[in-house]
Amino acid sequence: MNLQMEMERHRETLVVRLVGELDHHTADEVRMSLDGEIGRGACRHLVLSLESLQFMDSSGIGVILGRYKLIKQKGGRMVICGVNPPVYRLLEMSGLFKIMSVYENESTALSELEVAL
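Throughout, residues of each chain are indexed from 1 in the direction in which the sequence is written. With the structure being a predicted model, the display of local features is reserved for residues of pLDDT at least 70 and the display and counting of side-chain atom pairs for 80 or more, all residues being used for whole-chain, interface and lining totals. Water and hydrogen atoms were dropped before computing side-chain values, which therefore reflect all heavy atoms in the structure.

> What should I look at first to understand the pairing of strand β2 (residues 13-22) in this one?
The side chains of a regular strand alternate, first on one face of the sheet and then on the other. In terms of burial, β2 is a largely internal element, eight of the 10 residues being buried. Between any two strands, pairing holds if DSSP finds at least two bridges. Helical segments are the DSSP runs of H or I of at least four residues, strand segments are the runs of E of at least two, and each set is numbered from the N terminus. Here strand β1 (residues 3-10) pairs with β2 via eight bridges, running antiparallel. Residue E6 lies in a different strand from β2, and its bridge partner there is R17. Linking β1 to β2, which pair antiparallel, is a turn of two residues; within it R11 sits at a positive phi near 55°. A simple rule labels every residue: compare its accessible area, found with a 1.4 Å probe on the protein chains alone, to the largest value its type can have, and call it buried under 20%, exposed over 50%, or partly exposed in between.

This is the structure we're talking about:
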């Protein structure tokens, strides 16, 4: 299985939805796409929606951590939402939840970032 990525802006917040598998085969493509979108300008916050992400390995952790650092440098926040149990367990074991918040769904995440829909 491969990975599909959908990006949508809400004011200064970029919502990224990942569908499929984020692994060493797809990590570079995701990294480049996100870096390009974040670098274009008005992106201060990032919501990473993992509701339809079925698998992730350590390469995915690296992608998430790197984008977290980029967003943090811009003075923004990165949050994760809609995580299924196997991916949640990997993120929990990695310690990522110590530095970024996780929300049940996109609308809750956007509300926490005070982005009006």
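That shown, we press on.
> What is the right way to look at the pattern of salt bridges in this model?
Charged atoms that come close allow side chains of opposite charge to pair. A pair is scored as a salt bridge if a Lys or Arg side-chain nitrogen falls within 4 Å of a carboxyl oxygen belonging to Asp or Glu. For the structure on display, the rule yields eight salt bridges. The partner of E106 in a salt bridge is R17, and the shortest N-O contact between them spans 2.6 Å. In this pair, E106 sits in helix α4 (residues 106-112) while R17 sits in strand β2, placing the two residues 89 residues apart along the sequence. We note a salt bridge from R31 to D28, for which the minimum N-O separation is 2.5 Å. Note that R31 and D28 are positioned in helix α1 (residues 27-39) at a spacing of three residues, about one turn of the helix. Among the residues examined, D28 registers a relative accessible area of 47% and is labelled partly exposed.

Interpretation in functional terms is not warranted from these geometric data alone.
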